[in-house]
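# Close look at the chain arrangement
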Amino acid sequence: MADQYAQSPEENRPTEIPAIRWDEPPEGPVLVLLDQTRLPAEEVELVCTDAPALVEAIRSLAVRGAPLLGIAGAYGVALAAARGFEVDDAADALASARPTAVNLSHGVRRAQAAHRAALVAGGDQKQAAEAALAAARALHQEDAEASARMAEHGLALLDELLPGGNHRILTHCNTGALVSGGEGTAFAVALAAHRVGRLRRLWVDETRPLLQGARLTAYEAARSGMAYTLLTDNAAGSLFSAGEVDAVLIGADRIAADGSVANKVGSYPLAVLARYHHVPFIVVAPVTTVDPDTSDGASIEVEQRAGHEVTELTAPQVPVAGAEAGGGIPVAPLGTQAYNPAFDVTPPELVTAIVTEEGAVSPVTTEALAELCARSRRVTGGQVDHS
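Residues numbered from 1 in each chain as written. Predicted model: local features only at pLDDT ≥ 70, side-chain atom pairs only at ≥ 80, totals over all residues. Heavy atoms only, no water.

## Some details on the UniProt feature "active site" (unreviewed entry) in the protein
Taking the UniProt record as the reference, the feature "active site" (unreviewed entry) is found at Asp253. Structurally, aspartate 253 is set in the loop between β8 (247–250) and β9 (254–256). Contact partners of aspartate 253, with chain neighbours within four places excluded, come to Ala66, Thr100, Ala101, Val102, Asn103, Ala262, Asn263, Lys264, Thr289 and Phe343. (UniProt positions renumbered as here; feature names shortened; annotations may be inferred. Helix = DSSP H or I, 4+ residues; strand = E, 2+ residues; numbered from the N terminus. Contact = heavy atoms within 4.5 Å.)

Quick look at the structure:
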């Protein structure tokens, strides 16, 4: 695998390191990731030279977030093809690296289909690899464009639901540029509100157990100059009861055909709180996150993660007395079992609207989502494929 970390010298480092990029040094093509496990302490790039390295990066959450996983999966297929590895094996390994995020398999299969089509058309291995890379780059660009349209549609919906601006938005997990080819999903809507002076406060859930809110969303909000405040997940109820939340904006890793939304664990309780307090609960995600082959929430496979993420505390690249290198500080008795689902599922009746690049769906119904997906297929020429 020969993976390595590459860190640009301070004087040469760009203002913002892209979350993902394809590079072609003399020794061969590589996929370069901003290692999100090292944020916010360090901005370090992880260089993947083959699909197994990318699979490990996906599982370890060095690269994460539904749209970006789709892009990474497509580039992973292109990487395997360009370096002469077995493409179908690489595709299968990548597609199964994280089971809940449907965008991952979508991106993988799209690049794989382009590779196969080139071979069927009589192309050689080099031409097939180029076709896979072109598919990955097209998906990357499409996601950036989708992000901009989601921000536009989301801001319009906020202004319709909450006229006058001055929005106080609560978000969960991380949904910014770190999960996207563009500026993100839910975070992109908040950023759009900030840029036009209509964001009063971004409330950032810490997001247990991996702290993507504290480590990543706060990092992006600070870099964007947004007014934000971090809170523990279990403080959200207090915030609602004080009347300090005007809307909840979250992303999604999979949306079932009936509108059930799988997102980072802790999202469902926010939906319940939002309904009780009459606060809009809005999901922002690209159409590729809608999976018509998953009928309902009960059919969504929820990833179960290691118990040590709950029983230990870790701080990225911050040495702490008593902590083993690369390990965590125990906060529970040795041998404690932990329940650690990566996601929970919010039923459609608790979702005010789902915002996509093709517009918003409200109320959220099976029929409305099916029409949205059909409209997207007409616009993109059938690119939405969950095979």
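## Points about the packing of helix α4 (residues 102–120) against helix α5 (residues 125–161)
The contact between α4 and α5 brings their axes to 8 Å, and the two run at 145°. For the crossing formed where α4 meets α5, the hand is right-handed. On α5, the residues that touch His106, Gly107, Arg110, Ala111, Ala114, His115, Ala118 and Leu119 of α4 are Gln125, Gln127, Ala128, Ala129, Ala131, Ala132, Ala135, Ala138, Leu139 and Glu142. Of the residues belonging to the contact of α4 with α5, the class tally is 11 nonpolar, 5 polar and 2 charged. (Axes fitted to C-alpha atoms, helices over the stretch in contact; angles between N-to-C directions. Left-handed = near helix turned anticlockwise from the far one by under 90°. Nonpolar A, V, L, I, M, F, W, Y, C, P; charged D, E, K, R; others polar.)

## A word on the sheet that holds strand β16 (residues 353–356)
In spatial order, the strands read β7-β6-β5-β8-β11-β16-β17; together these 7 strands make up an open sheet with mixed pairing. Strands at the two margins of the open sheet, each flanked by one partner only, are β7 (228–231) and β17 (359–361). When strand polarity is set aside, the average angle formed by the axes of neighbouring strands in this sheet is 25°. Looking at chain direction, strand β6 (residues 199–205) and β7 are connected through 4 bridges and run parallel. Along β7, the bridge assignment pairs leucine 202 with tyrosine 228. Packed onto the sheet, helix α6 (residues 186–195) meets β5 (167–171), β6, β8 and β11 (281–284) and runs at close to 155° relative to β6. Here helix α7 (residues 212–223) sits on the sheet and contacts β5, β6 and β7; the angle it forms with β6, its principal contact strand, is near 160°. (Pairing = 2+ DSSP bridges.)

## Remarks on the packing of aromatic side chains
Enumeration over the complete set of coordinates arrives at 1 aromatic pair. Taken together, a centroid distance of 6.0 Å and an interplanar angle of 25° make the contact between tryptophan 22 and tyrosine 75 stacked. Here tryptophan 22 is found in strand β2 (residues 20–23), whereas its partner tyrosine 75 is found in helix α2 (residues 66–82), with 53 residues between them in sequence. Residue tryptophan 22 shares its accessibility class with tyrosine 75, and that shared class is buried. (Phe/Tyr/Trp six-rings, centres within 6.5 Å; stacked < 30°, edge-to-face > 60°. Buried < 20%, exposed > 50% of the residue type's maximum accessible area, 1.4 Å probe, protein only.)

## As for the packing of α2 against helix α3 (residues 87–95)
Where α2 contacts α3, the axes come no closer than 9 Å and their chain directions differ by 155°. Between α2 and α3, the interaxial angle falls into the category roughly antiparallel. In terms of crossing hand, the pair formed by α2 and α3 is right-handed. Side by side, α2 and α3 meet where Gly73, Gly76, Val77, Ala80 and Ala81 of the first sit next to Val87, Ala90, Ala91 and Leu94 of the second. (Parallel < 35°, antiparallel > 145°, perpendicular 65-115°, else oblique.)

## Structural notes on the UniProt feature "site: Transition state stabilizer" (unreviewed entry) in the protein
As recorded in UniProt, the feature "site: Transition state stabilizer" (unreviewed entry) lies at Cys173. Among the structural elements, cysteine 173 can be located in the loop between β5 and α6. In contact with cysteine 173, other than residues within four places in its own chain, are Arg64, Thr207, Gln212, Gly213, Thr217 and Lys264.

## Topic: the environment of valine 30
Residue position: valine 30 is located in strand β3 (residues 30–34). For valine 30 and glycine 76, which are 46 residues apart along the polypeptide, the C-alpha to C-alpha distance reads 9.3 Å. Dropping the residues within four chain positions of it, valine 30 is found in contact with Arg21, Trp22, Asp23, Pro25, Val47, Cys48, Thr49, Leu79 and Arg83.

## Here we look at the sheet that holds strand β15 (residues 343–346)
Sheet architecture is open: 4 strands sit in the order β12-β9-β10-β15, paired in mixed fashion. Because the sheet does not close on itself, it has two edges, and the strands there are β12 (290–291) and β15. Two elements, β9 and β12, share 2 bridges in a ladder whose sense is parallel. Paired with isoleucine 255 across the bridge in β12 is valine 290. Strands β10 (261–264) and β15 of the sheet are contacted by helix α9 (residues 267–276), whose axis makes an angle of about 35° with β15.

## Overview of the domain arrangement of the protein
Each assigned domain of the protein is listed here: domain 1 (20–143) and domain 2 (148–382). Between domain 1 and domain 2, the buried area comes to about 2400 Å², and carbon and sulfur atoms account for 52% of it. Its largest share of buried area at the contact with domain 2, domain 1 owes to Arg64, Thr100 and Val102, together 25% of the area lost on that side. Here domain 1 and domain 2 share 2 salt bridges between them. (Domains from an automatic or database assignment. Buried area = accessible area lost by both parts, 1.4 Å probe. Salt bridge = Lys/Arg side-chain N within 4 Å of Asp/Glu carboxyl O.)

## Quick look at unusual backbone geometry
Backbone torsion omega between leucine 39 and proline 40 reads 0°, so that peptide bond is classified as cis. On the secondary structure map, proline 40 appears in the loop between β3 and β4 (45–48). Between serine 362 and proline 363 the backbone carries a cis peptide bond, its omega angle lying at 0°. Note on placement: proline 363 falls in the loop between β17 and α11 (366–380). The backbone of histidine 278 sits at a positive phi, close to 60°, despite the residue not being glycine. With respect to the helices and strands, the residue histidine 278 is situated in the loop between α9 and β11. Among the residues examined, histidine 278 registers a relative accessible area of 73% and is labelled exposed.

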